[in-house]
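Here's the letter readout for the chains.
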Amino acid sequence: MKPVLDAVVKLVNTIRSRGLTHRQFRDFLQSVQSEYSDVLYCTKVRLLSAGCVFERVWQLKDDIVSFFHEKQCSAKCEMLEDTEWLSDFAFFTNLLCHMNNLNVKMQEKNQFIDDIWAHLKAFKLKLNLLAGQLAKNDLSHFSRLNSIPSE
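Everything numeric here is computed off the predicted structure, so don't read it as measured data.

Participant: Run through the overall build of the protein chain, naming residues and quoting values.
Facilitator: For the protein chain, the helix and strand inventory stands at six helices and zero strands. Secondary structure elements of the protein chain, listed N to C terminal, follow the sequence α-α-α-α-α-α. When its C-alpha atoms are laid out on the principal axes, the protein chain stretches across 55 × 40 × 30 Å. The 151 residues of the protein chain split such that 38% are buried. Look at the contacts in the protein chain between residues 6 or more apart in sequence, and 65% of them connect residues 24 or more apart. Accessible surface, the protein chain as shown: approximately 9600 Å² in total, 53% of it carbon and sulfur. In the protein chain, the 19 positive side-chain charges and the 18 negative ones have mean positions that sit 8 Å from each other.

Below you can see the structure in the form of structure tokens.
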């Protein structure tokens, strides 16, 4: 999944690291009345928060493609139009969101160690469930992956 992570980080950094491009992207999102006003910044240090970044990029993927096509820089977002890459991205986004849910549960206040251990055991069972469902081509817990038309 490293290629997917690297591509998303590169895409986000392309938008966020250049002041003019970032301002134009925010203005573009405002002009198309997007639900979100910006894309979240991603760093490799905080991998557990990458789920939030991936989720935001997933929600904005159509707007990102439109923005780069309008700027005539479609090469920067060509992976968002590739069905195979998009499937990997959707899977990774779903998986990171499941991991973020575990992370949030483990950081709740006033928990005993056995509560944290219960969260970990439940997540391990959930991973087994997800693996079994994927083996049967059941995408009910992978909503983003399920939304991609299969070829």
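Participant: Give a detailed account of the nonpolar core, specifying residues and quantitative values.
Facilitator: Grouped together as the largest cluster of nonpolar side chains are 36 residues, with contacts concentrated most on F54, V57, I64, W85 and F89. Listed by contribution, the elements that provide at least two residues to this core are helix 1 (2–16), helix 2 (19–31), helix 3 (50–70) and helix 4 (83–106). By residue number, the principal contributor to this core is helix 3, which donates ten residues. Not counting the four nearest positions on each side in its chain, F54 is found in contact with V4, L5, V8, F89, F92, T93 and L96.

Participant: Can you tell me about the state of the cysteines, naming the residues and giving the values?
Facilitator: Per the stated rule, a full pass over the model turns up zero disulfides. Just so you know, C52 is unpaired, no disulfide at all, and the nearest cysteine sulfur is the one on C97, 7.3 Å from it.

Participant: Tell me what's going on with the side chain of T14, and back it up with residues and numbers.
Facilitator: Secondary-structure assignment places T14 in helix 1. Looking at T14, the relative accessible area reads 13%, which means it is buried. Once you skip the residues sitting within four places of it in the chain, T14 turns out to touch T21, F68 and K76.

Reading the values: rules and limits
- Residues numbered from 1 in each chain as written.
- Predicted model: local features only at pLDDT ≥ 70, side-chain atom pairs only at ≥ 80, totals over all residues.
- Heavy atoms only, no water.
- Helix = DSSP H or I, 4+ residues; strand = E, 2+ residues; numbered from the N terminus.
- Buried < 20%, exposed > 50% of the residue type's maximum accessible area, 1.4 Å probe, protein only.
- Contact = heavy atoms within 4.5 Å.
- Areas by Shrake-Rupley, 256 points an atom, 1.4 Å probe, with all protein chains shown as cover.
- Lys, Arg positive; Asp, Glu negative; His and termini not counted.
- Charge placed at Lys NZ, Arg CZ, Asp CG, Glu CD.
- Core = buried A, V, L, I, M, F, W, Y, C linked by side-chain atoms within 4.5 Å.
- Disulfide = S-S within 2.5 Å.

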